[in-house]
Amino acid sequence: MDLLGHGTAARPTDPAAYGEVDELVQRTLPDGPVDAVGFSAGAGILLQLAVDHPGRFRRLALLGLGDNAFGGHDMSGAIIAALEDRSGPEDVQGTLFRRLADSAGNDPGALVAFLGRPVRRLTESELTKVTCPVLVVLGDRDFVGGADRLVASLPTAKLVTLPGVDHFATPSNFGAIDAVINFLEAP
């Protein structure tokens, strides 16, 4: 499924429209425990749902999410500046984000609104509620930083680090794809 403001989903440009995006995802998921894979903001939303709805997931694969789940490493200001064409050519990550957003057919105004939504930062104690197996996949060049704190806080988490891979390359990296497939197919 596409998150609100992304891909083929509705694209509101008011940040208030994204206030309950996590519950919208929750209502969209099929009944019963499910396997879920999320990337970046989608991974963060899935993790929040796993905290708020224990037992909702059978397995959870989180790509492009690390210790930024607790706060810090917030790139939203720089990304918003790039989406609003306020960053210069020296902002390589912002320029890349803008080009990827444009090439995927996203509406920059909707992405700015999505990034402007209120985001709940999780705590280590909340993450102990997540009892399903969790796979964290993160490139060693990802701007979100590391994932040691996140993995240590999740009772059943495993980390796969992708050498030479940045945030945007993670979902299409064969190492990431293999890790997720193997994780989901495990008994």
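The structure this text deals with has already been given above.
Since this is a predicted model, take the numbers as computed values, not measurements.

1. Details of the pattern of salt bridges
Between side chains of opposite charge, a pair can form as their charged atoms come close.
For step 1, the next point in the chain: Inspection of the entire model under this criterion finds four salt bridges.
For step 2, the next point in the chain: Residues Arg 58 and Asp 35 are paired through a salt bridge, measuring 2.8 Å at the closest nitrogen-oxygen approach. Of the two residues, Arg 58 is situated in strand S2 (residues 57-63) and Asp 35 in strand S1 (residues 34-39); the sequence distance between them amounts to 23 residues.
For step 3, the next point in the chain: Overall, the relative accessible area of 41% leaves Arg 58 in the partly exposed class.
For step 4, the next point in the chain: One salt-bridge network, in which partners are shared between bridges, spans Asp 52, Arg 120 and Glu 126.

2. Overview of the environment of Phe 39
For step 1, the next point in the chain: Counting through the fold element by element, Phe 39 comes out in strand S1.
For step 2, the next point in the chain: C-alpha separation for the pair Phe 39 and His 167, spaced 128 residues apart in sequence, amounts to 9.4 Å.
For step 3, the next point in the chain: With residues near it in sequence (within four places) discarded, Phe 39 still touches Leu 63, Gly 64, His 167, Thr 170 and Pro 171.

3. Section: the side chain of Arg 59
For step 1, the next point in the chain: Here Arg 59 is to be found in strand S2.
For step 2, the next point in the chain: With no salt bridge to any partner, buried Arg 59 finds its closest opposite charge in Asp 35, at an N-O distance of 4.7 Å.
For step 3, the next point in the chain: There is a polar contact of 2.6 Å between the side chain of Arg 59 and the backbone oxygen of Ala 186.
For step 4, the next point in the chain: A polar contact is formed between the side chain of Arg 59 and the backbone oxygen of Pro 187, at a distance of 2.8 Å.

4. With respect to the sheet that holds S2
For step 1, the next point in the chain: If you walk across this open sheet you meet the four strands as S1-S2-S3-S4, and the pairing is parallel. On the outer flanks of this sheet lie S1 and strand S4 (157-162), each paired with one strand and no other. Here the strands of the sheet are splayed against their neighbours by 15° on average, with no regard to which way each runs.
For step 2, the next point in the chain: By the bridge criterion, six bridges tie strand S3 (residues 134-139) to S4 in an arrangement that is parallel. Bridged to Val 136 within S4 is Leu 159.
For step 3, the next point in the chain: The sheet strands contacting helix H2 (residues 41-52) are S1 and S2, and the helix crosses S2 at an angle near 150°.
For step 4, the next point in the chain: Sheet strands touched by helix H8 (residues 174-185): S1, S2, S3 and S4. Its angle to S2, the strand with the most contacts, is close to 170°.

5. Quick look at the packing of helix H3 (residues 76-83) against helix H4 (residues 92-103)
For step 1, the next point in the chain: The interhelical angle for the contact between H3 and H4, taken along N-to-C directions, is 60°, at an axis separation of 8 Å. With respect to each other, H3 and H4 are oriented oblique. Note on packing geometry: the crossing formed by H3 with H4 is right-handed. Of H4, the residues touching H3 (which contributes Ile 79, Ala 82 and Leu 83) are Gly 94, Thr 95, Phe 97, Arg 98 and Ala 101.
For step 2, the next point in the chain: Residue composition of the contact of H3 with H4, by class: five nonpolar, two polar and one charged.

Definitions and cut-offs
- Residues numbered from 1 in each chain as written.
- Predicted model: local features only at pLDDT ≥ 70, side-chain atom pairs only at ≥ 80, totals over all residues.
- Heavy atoms only, no water.
- Salt bridge = Lys/Arg side-chain N within 4 Å of Asp/Glu carboxyl O.
- Helix = DSSP H or I, 4+ residues; strand = E, 2+ residues; numbered from the N terminus.
- Buried < 20%, exposed > 50% of the residue type's maximum accessible area, 1.4 Å probe, protein only.
- Contact = heavy atoms within 4.5 Å.
- Lys, Arg positive; Asp, Glu negative; His and termini not counted.
- Polar contact = N/O pair within 3.5 Å; in protein donor to acceptor, adjacent residues only side chain to side chain.
- Pairing = 2+ DSSP bridges.
- Axes fitted to C-alpha atoms, helices over the stretch in contact; angles between N-to-C directions.
- Parallel < 35°, antiparallel > 145°, perpendicular 65-115°, else oblique.
- Left-handed = near helix turned anticlockwise from the far one by under 90°.
- Nonpolar A, V, L, I, M, F, W, Y, C, P; charged D, E, K, R; others polar.

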